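Given next are the chains, with one letter for each unit.
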Amino acid sequence: MKFFIDTANLDEIKQASEWGILSGVTTNPSLYAKIGGKLADFEDHMVKICHIVGEDVPVSAESTATTTEEMVAEGERLAALAPNIVVKLPVCEASLPATHALAQKGIRVNMTLVFSAPQALLAARAGARYISPFVGRFDDIGDDGLTQLETVVNAVKNFDYGYWEQEGGPEIITASVRTPNHVTQAALMGADIATVPFAALKKCVHHPLTDRGLELFEADWEKVKAQA
Ligand code: E4P
């Protein structure tokens with residue numbers, strides 16, 4: 001499974017990129033607002049992210065458009081910013097034809113806010129390069145986000161869609177990830193990607209037994225040094 005980072009914070013993107021584990025970046029309006037982002041600077045910020053990660057690493061930039069025509073126009077403009085820009089559109093009646101039109105032009109769409117298998121299947125059929133089912137937001141309302149994710153993964157992987165096959169698409173991005181267990185379960189289900197906030201990504205690096213092992217390791221080295 002590939003790791004994307006779910007953030008608009010340039011320092012976090014740089015650090016994850018330096019770890020050598022980063023296969024993509026996703027952002028959304030809340031994440032952009034969190035770093036004090038302004039709409040007027042949005043495109044420049046996306047370009048900065050693209051430069052940090054390099055042109056082989058996809059960067060999802062969310063559109064603010066609400067009609068099909070606006071989504072296509074904005075999608076074309078965003079895609080022209082850098083070769084690794086992926087246009088992020090929320091699944092809805094307006095975005096399906098926009099996704100189809102953009103796919104016909106070779107522009108990749110990440111269809112987001114996916115909460116059901118039918119939505120995911122429609123996204124794949126319309127030509128989405130990536131499909132983002134959400135896990136944590138189901139958990140927030142007392143549902144089981146991982147079971148919902150499994151349904152989406154199994155349904156989508158049953159079929160071929162005639163789009164993006166040479167690139168291995170459409171790929172499923174496990175989104176709204178909150179914990180290392182979300183990452184584990186997504187991998188076991190065969191989700192292609194998990195997009196993980198930096199704090200949760202750091203939690204994935206750690207384990208209490210690893211941290212304890214490191215403490216013992218240091219203590220033992222101190223003993224060895226003292227004996228020398
Ligand atoms: C990513 O593409 C999604 O926008 C993101 O994972 C949503 O996460 P949240 O539910 O924590 O806002």
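Thresholds, definitions, all that
- Residues numbered from 1 in each chain as written.
- Predicted model: local features only at pLDDT ≥ 70, side-chain atom pairs only at ≥ 80, totals over all residues.
- Heavy atoms only, no water.
- Axes fitted to C-alpha atoms, helices over the stretch in contact; angles between N-to-C directions.
- Helix = DSSP H or I, 4+ residues; strand = E, 2+ residues; numbered from the N terminus.
- Parallel < 35°, antiparallel > 145°, perpendicular 65-115°, else oblique.
- Left-handed = near helix turned anticlockwise from the far one by under 90°.
- Contact = heavy atoms within 4.5 Å.
- Near = heavy atom within 4 Å.
- Polar contact = N/O pair within 3.5 Å; in protein donor to acceptor, adjacent residues only side chain to side chain.
- Nonpolar A, V, L, I, M, F, W, Y, C, P; charged D, E, K, R; others polar.
- Core = buried A, V, L, I, M, F, W, Y, C linked by side-chain atoms within 4.5 Å.
- Buried < 20%, exposed > 50% of the residue type's maximum accessible area, 1.4 Å probe, protein only.
- Phe/Tyr/Trp six-rings, centres within 6.5 Å; stacked < 30°, edge-to-face > 60°.
- Lys NZ or Arg CZ within 6 Å of the ring centre and 35° of its normal.

On to the packing of helix 8 (residues 145–157) against helix 9 (residues 180–189). In the contact formed by helix 8 and helix 9, the axes pass within 10 Å of each other and the chain directions differ by 25°. Judged on the interaxial angle alone, helix 9 and helix 8 are roughly parallel. The two elements helix 8 and helix 9 cross, and the hand of that crossing is right-handed. Here helix 8 contributes Leu146, Leu149, Glu150 and Val153 to the contact with helix 9, which in turn contributes Asn181, His182, Gln185, Ala186 and Met189.

The environment of the ligand is formed by Asp6, Thr26, Asn28, Lys88, Phe134, Arg137, Ala175, Ser176 and Arg178. Contact distances for the ligand include 2.7 Å between an oxygen atom and a side-chain N or O atom of Ser176. A per-class count over the shell around the ligand returns two nonpolar, three polar and four charged.

A few words on the nonpolar core. Core analysis: the biggest nonpolar cluster contains 55 residues, and Ile5, Val25, Leu89 and Ile131 have the highest contact counts within it. Setting aside residues up to four positions removed in sequence, Ile131 forms contacts with Asn110, Met111, Val114, Ala120, Ala123, Ala124, Val156, Pro170, Glu171, Ile172 and Ile173. If you look at the next biggest cluster of nonpolar residues, it comprises five residues, including Phe4, Val86, Tyr130 and Ile173.

According to the stated counting rule, one finds six aromatic pairs in the structure shown. Where Phe115 meets Phe138, the ring centres are 5.3 Å apart and the plane angle is 75°; that geometry is what we call edge-to-face. Highlighted residues: Phe115 in the loop between strand 5 (109–114) and helix 6 (117–126) and Phe138 in helix 7 (residues 136–140), separated in sequence by 23 residues. On the basis of relative accessible area, Phe138 is assigned to the buried category, the value being 10%. Among the aromatic residues, those joined into a ring-pair cluster are Phe115, Phe134 and Phe138. A cation over a ring is seen here: Arg129 above Tyr130, with NZ or CZ 4.4 Å from the ring centre.

Residue Gly169 is joined to Pro170 through a cis peptide bond whose omega torsion reads -5°. With respect to the helices, strands and loops of the structure, Pro170 is situated in the loop between helix 8 and strand 7 (171–174). Here Leu113, not a glycine, exhibits a phi torsion of approximately 60°, which is positive. Within the secondary structure layout, Leu113 lies in strand 5. The backbone phi angle of Ser176 is positive, close to 55°, even though this residue is not glycine. If you trace the backbone, Ser176 turns up in the loop between strand 7 and helix 9. With relative accessibility at 8%, the residue Ser176 sits in the buried group.

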